[in-house]
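Letter by letter, the chains look like this.
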Amino acid sequence: MAMKGDFTDNLGRIYGIYVGGFTVFVIAMAILEQIGMPPRFILWAYMAMTIGVYAFIGIMSRTGEVSEYYVAGRRVPAVYNGMATGADWMSGASFVGMAGSLYVLGYDGLAFVLGWTGGYVLVAVLLAPYLRKFGAYTVPDFLGTRYGGNLPRLLGIIVLFCCSFTYVTAQVYASGIIASQFLGIDFNIAVFAGLAGILVCSMLGGMRAVTWTQVAQYIILIVAYLLPAIWMSTVKTGVPIPQLMYGTVLDDIASMEQQLIAAGQTIKAHAEPFTNYTPRDFFFLIFCLMVGTASLPHILMRFFTTPTVREARKSVAWSLFFIFLLYFTAPSYAAFAKFNVMSMFVAGGGTTLAFESIPDWIFRWGSIEGHTLVQICGEKAISLEAVRAACEAKGITGGFNFTELKLNNDMIVLSTPEIAGMPWFVVGLVGAGGFAAALSTADGLLLAIANALSHDVYYRMIDPKADTKHRLMVAKVILVLVAIAAALLARTKPSDILSMVAWAFSLAGAGLFAPLVLGVWDQRTNRTGAICGIIAGFGLTLGYLIGNVYGFDLAKGTGDEFSWFGVKSISAGVFGIPAAFIVTYVVSRMTAEPSREMQDFVLRLRVPRGGQMMEHSH
Amino acid sequence: MSDQITPEAAAAHWARTRSLMWVCLIVWAIFSFGIHFFVGVLNGITFLGFPLGFYMAAQGSLIVFVVLIFWYAGRQNAIDEEFGAAED
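Residues numbered from 1 in each chain as written. Chains lettered and ligands numbered in written order. Predicted model: local features only at pLDDT ≥ 70, side-chain atom pairs only at ≥ 80, totals over all residues.

## Quick look at the environment of glycine 109 of chain A
All names here are of chain A.
Consideration 1: Its location among the elements puts glycine 109 in the loop between α6 (92-105) and α7 (110-134).
Consideration 2: For glycine 109, a count of 25 C-beta atoms within 10 Å translates into the label buried.
Consideration 3: Placed 39 residues apart in sequence, glycine 109 and tyrosine 70 show a C-alpha to C-alpha distance of 36 Å.
Consideration 4: Those residues within four positions of glycine 109 in sequence are excluded, and the remaining contacts are Ser101 and Leu102. (Helix = DSSP H or I, 4+ residues; strand = E, 2+ residues; numbered from the N terminus. Buried ≥ 20, exposed ≤ 12 C-beta atoms within 10 Å, placed from the backbone. Contact = placed C-beta atoms within 7 Å.)

Right, here's the structure in full:
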């Protein structure tokens, strides 16, 4: 396999050529647009080009070796693994929805920005280097070895499945939405376009193929995210650094808000804290998102792929750096978008938007079938007549207030280029970026699920004597089956499943964080303690989630939903995470200490020297 | 060269590693939670044109997290080398 060595040795050159090629492509699109190529062609060209590149990388990275399939041969340098983790982490929802949440929630939305970055400190300090030293293929593999026997392994698989499957369904759904929006095809067909995009990246080459496509996807998604923000910043302030310049935009927003408030409108000030969440909700949410980040298997397993423990630590730092580039841009994106929208209302010294002055984009996005993206006066904004009728029914004539305009979170990023009057080649780029974000996260999740099923369930529990060829075949078949299951579920637009994604963080944090952290940092933690801890933490969190959202009869809104201290379902982990730690710690100390052998194992886990501990037969 | 380090060296290595862990977690807790309790006060200060409380949640804490992990990776590596626990 001489080619492989060539590949990892030449990463800089290969991705340099890729970036160059991509730049040429974007410029070519800009030129084609100038000479009159229809927008539809440009959007299709972006989709075709990017899926083509992913398929090419996926096929080139096909492999017949177990360690290549599960951990990319453990040869991914820190910086590249950082980019791959960035793409793995930033989902379609982060790309498409984050700026929209910030637009709506203002300061309070920053809980997501903080929660989804700070967790990497926990990953770096508490987990990643030790899991790398151990050298497992999957997270349940670590639990199974550290705590002995199949029960801890099985519990790990259950937690992993619960938090990852809803999440992957949401990614397939997001990729379907983006594909249908940009290609103008039916959602039911677009879901399968998304599925195809996901499978070409992962099926033939497992982790190896996913890693190298994720690096390519990261580059596209970050360029697609930064470009419109830079554009808006340059137009508004003359300086192409949106992250620095939006301070003045916040000022402008505040003075427009004053103007609207003076006219008697109720406006929640953008930069004012705790107007949507109470301080307690805000801090609980940050806590759950951070601990959840540090427990999600598809993130942890990315750090199994570095060559050394040292590289694993550096790689976490690079991961957060690459994630930071997007997350510190999102609030500026939101501010520029809010500025643009609010300006329509205060233009010419007024405080309302006259019906005749409603811009075209409102109806273009408002009239998209199957989704309610723009609402005015509480009704879907399909046309001028519909808006006028809806407002007049509420006794509003002539024009309407800022608060009567409701934009869906998911449309801010996708529609901003159009709203701000950017050309189609930027619109297409943003679509390709959102698609890349959804595909890359879907692939990471899919591998986490399929690898746990093929490695932990099939190989470790059912047929430990299976040979390499057989194992890989099982792994690939399971991968395809899980992907199809997720696509079929996504096709039904299951709103309950999609809202459950936010639960994944609390569930993962409560079920996995304590046994993983204590497995490394507390020698005395034993099998019984870990089993009880997982069951208590995960059980409590799942119980609270179901009880809080559905109640005992498992149906929403029937009045039997309960709530402890007013904690919201998205922060359910505040009960389960500490409970898992306490139960694991106490039960471990009430029962026999782990064998001498296992304690030595923990001691060796803490010393990077001496190579990885788990030897895999190939 | 043996694959193992002495139990004494391992214990000293782990003690230092543990203190580094606590330092990192304290910095993490301050910038994840601590300073945001004071967002109201901080918003009275203007920094780079931003209300400081908003800035810390939108950028300041994030920059601290990134720098903290790079610093941690360097420090932990130095500890590993000091006790002969680093990889070859």
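## Looking at the packing of helix α9 (residues 150-183) of chain A against helix α10 (residues 187-202) of chain A
Helices that pack against each other are described as a pair by the angle of their axes relative to one another and the distance between those axes.
All names here are of chain A.
Consideration 1: Taken N-terminus to C-terminus, the directions of α9 and α10 make an angle of 115 degrees; their axes are 7 Å apart at the nearest point. The chirality of how α9 crosses α10 is right-handed. On α10, the residues that touch Val172, Ser175, Gly176, Ile177, Ala179, Ser180 and Leu183 of α9 are Phe187, Ala190, Val191, Ala193, Gly194, Leu195, Gly197 and Ile198.
Consideration 2: A per-class count over the contact of α9 with α10 returns 10 nonpolar, five polar and no charged. (Axes fitted to C-alpha atoms, helices over the stretch in contact; angles between N-to-C directions. Left-handed = near helix turned anticlockwise from the far one by under 90°. Nonpolar A, V, L, I, M, F, W, Y, C, P; charged D, E, K, R; others polar.)

## Focus on the interface of chain A and chain B
Consideration 1: Contacts between the two partners involve 39 residues from chain A, matched on the other side by 39 residues from chain B.
Consideration 2: Looking at the side of chain A that touches chain B, the elements with two or more residues in it are α7, α12 (242-262), α13 (279-293) and α15 (309-327) of chain A.
Consideration 3: Among the elements that make up the side of chain A that touches chain B, the one with the highest residue count is α15 of chain A (10 residues).

## Here we look at helix α18 (residues 384-393) of chain A
All names here are of chain A.
Consideration 1: When α18 is considered as a whole, its buried residues turn out to be Val387, Ala390 and Cys391. Buried residues of α18, seen end-on, are gathered within an arc of 95 degrees and therefore sit on one face of the element. For α18, exposure combined with an orientation more than 90 degrees from the buried face picks out Glu385, Ala389 and Ala393.
Consideration 2: Buried residues along α18 sit in contact with β2 (374-376), β3 (379-380) and β4 (399-400).
Consideration 3: Of the residues one or two after α18, glycine 395 is the one with positive phi, at around 80 degrees. (Arc of directions from axis to C-beta.)

## Observations concerning the environment of alanine 420 of chain A
Residues and elements named next belong to chain A.
Consideration 1: Summarising the element assignment, alanine 420 is placed in the loop between α19 (411-419) and α20 (424-462).
Consideration 2: Put simply, alanine 420 and asparagine 340 are 80 residues apart on the chain and 7.5 Å apart in space, counted from C-alpha to C-alpha.
Consideration 3: If near-sequence neighbours (up to four positions away) are discounted, alanine 420 is found in contact with Trp231, Met232 and Asn340.

The values reported here are purely geometric and, on their own, carry no functional implication.
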